[in-house]
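# Summary of the model geometry
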Protein chains: 2
Amino acid sequence: MDVPKFKVGKPHRFSRHPESGYAIKGRVWLEKDGELYLGGGRVILLERVDELGSVAAAARSMHLGYRNAWLWIEAANRLAPSPLVEKTKGGAGGGHTRLTEEGRKVIRQYRELRARFHEFLQLEG
Amino acid sequence: MDVPKFKVGKPHRFSRHPESGYAIKGRVWLEKDGELYLGGGRVILLERVDELGSVAAAARSMHLGYRNAWLWIEAANRLAPSPLVEKTKGGAGGGHTRLTEEGRKVIRQYRELRARFHEFLQLEG
């Protein structure tokens with residue numbers, strides 16, 4: 001039976017009562033060879049690129065500079081097993097930018113990780 | 001049977017192989033009414049005060065300014081249910097500073113939280 005050790009025994013908790021004002025907070029992110037690969041900000045940017053089909057619109061929607069948005073995307077693309085975002089060229093409306101299959105997969109994985117982390121924090125809190 | 005949901009089904013993992021270079025990283029800390037109460041730095045400071053019996057020595061040992069060390073301790077004392085650190089007065093060698101029972105308890109709890117969080121990251125990684 002596959003029960004994680006940190007759950008067994010339910011040791012001290014800081015506070016079981018939200019009204020106490022005490023809360024356990026946290027962050028998780030992914031690194032590749034010690035470099036930031038994906039954290040909350042980059043994932044939101046990727047999600048917005050997916051929704052809006054444009055890096056300019058995605059950046060604007062999160063009050064991020066266009067140049068910074070591209071730096072984030074280029075770093076994530078470089079560190080990923082294969083690129084997460086790609087530009088498509090041509091067509092009547094000019095090119096646009098979209099997520100690759102790898103990009104969609106990694107967003108899904110990150111959301112699952114974040115959900116499990118929130119459950120961890122709930123169990124601890 | 002008390003099995004946390006986030007463990008059931010073992011969904012996608014980012015990487016099962018440390019040699020891939022991918023790693024999940026994270027931080028946890030405690031807040032009281034939205035203010036930082038205890039994180040890794042403050043806990044190390046409290047541990048050093050406990051070991052060394054002096055805020056000056058504890059601050060020096062972690063390359064932290066004496067004034068900042070006291071600001072951290074005062075904030076933690078203020079946010080704790082009861083003070084974590086107290087000064088004792090008098091005696092031949094003058095007063096010294098030591099952890100209260102509450103201070104020792106909270107360090108123990110934080111270490112346990114951190115250990116369970118490391119297990120969580122291991123399981124995810």
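Please read all numbers here as calculations on a predicted model, not as lab measurements.

It is worth spelling out the overall build of chain A at this point. Per the secondary structure count, chain A includes four helices and four strands. Shown N-terminal to C-terminal, the secondary structure of chain A runs as helices and strands in the order β-β-α-α-α-β-β-α. Burial statistics for chain A: of 125 residues in total, 43% are counted as buried. A separation of at least 24 residues holds for 47% of the contacts in chain A among residues at least 6 apart in sequence.

When you line up the elements, Trp70 of chain B lands in helix α3 (residues 66–79). Sequence-wise, Trp70 of chain B and Gly103 of chain B are 33 residues apart; in three dimensions their C-alpha atoms are separated by 15 Å.

Judged by pairing direction, the sheet is antiparallel, and its four strands sit side by side in the order β2(A)-β1(A)-β1(B)-β2(B) without closing on themselves. Two strands close off the open sheet at either side, each with one partner strand: β2 (35–38) of chain A together with β2 (35–38) of chain B. Sheet twist, expressed as the average angle between the axes of neighbouring strands with direction ignored, equals 60°.

Residue and element names in this part refer to chain A. For strand β1 (residues 22–32) and β2, the ladder comprises three bridges, and the chain directions are antiparallel. Looking at the pairing, Lys32 lines up with Glu35 of β2. Where β1 hands over to β2, the hairpin turn is made up of two residues, of which Asp33 adopts a positive phi near 50°.

Definitions and cut-offs
Each chain has its residues counted from 1, running along the sequence as written. Starting at A for chains and at 1 for ligands, labels are handed out in the order in which the entities are written. Owing to the predicted nature of the model, reporting of local features is limited to residues with pLDDT of at least 70; listing and counting of side-chain atom pairs is limited to 80 or more, with chain, interface and lining totals taken over all residues. The side-chain numbers reported here are obtained from all heavy atoms of the structure, hydrogens and water having been left aside. The secondary structure listing takes helices from DSSP runs of H or I that are at least 4 residues long and strands from runs of E that are at least 2 residues long, numbered from the N terminus. Burial classes: relative accessible area under 20% of the type maximum marks a residue as buried, over 50% as exposed, and values in between as partly exposed (1.4 Å probe, protein chains only). By the convention used here, residues are in contact when the closest approach between their heavy atoms is within 4.5 Å. What makes two strands pair is DSSP finding at least two bridges between them. Throughout, an axis means a line fitted to C-alpha atoms (over the contacting stretch in the case of helices), and angles, computed between N-to-C directions, take values from 0 to 180 degrees.

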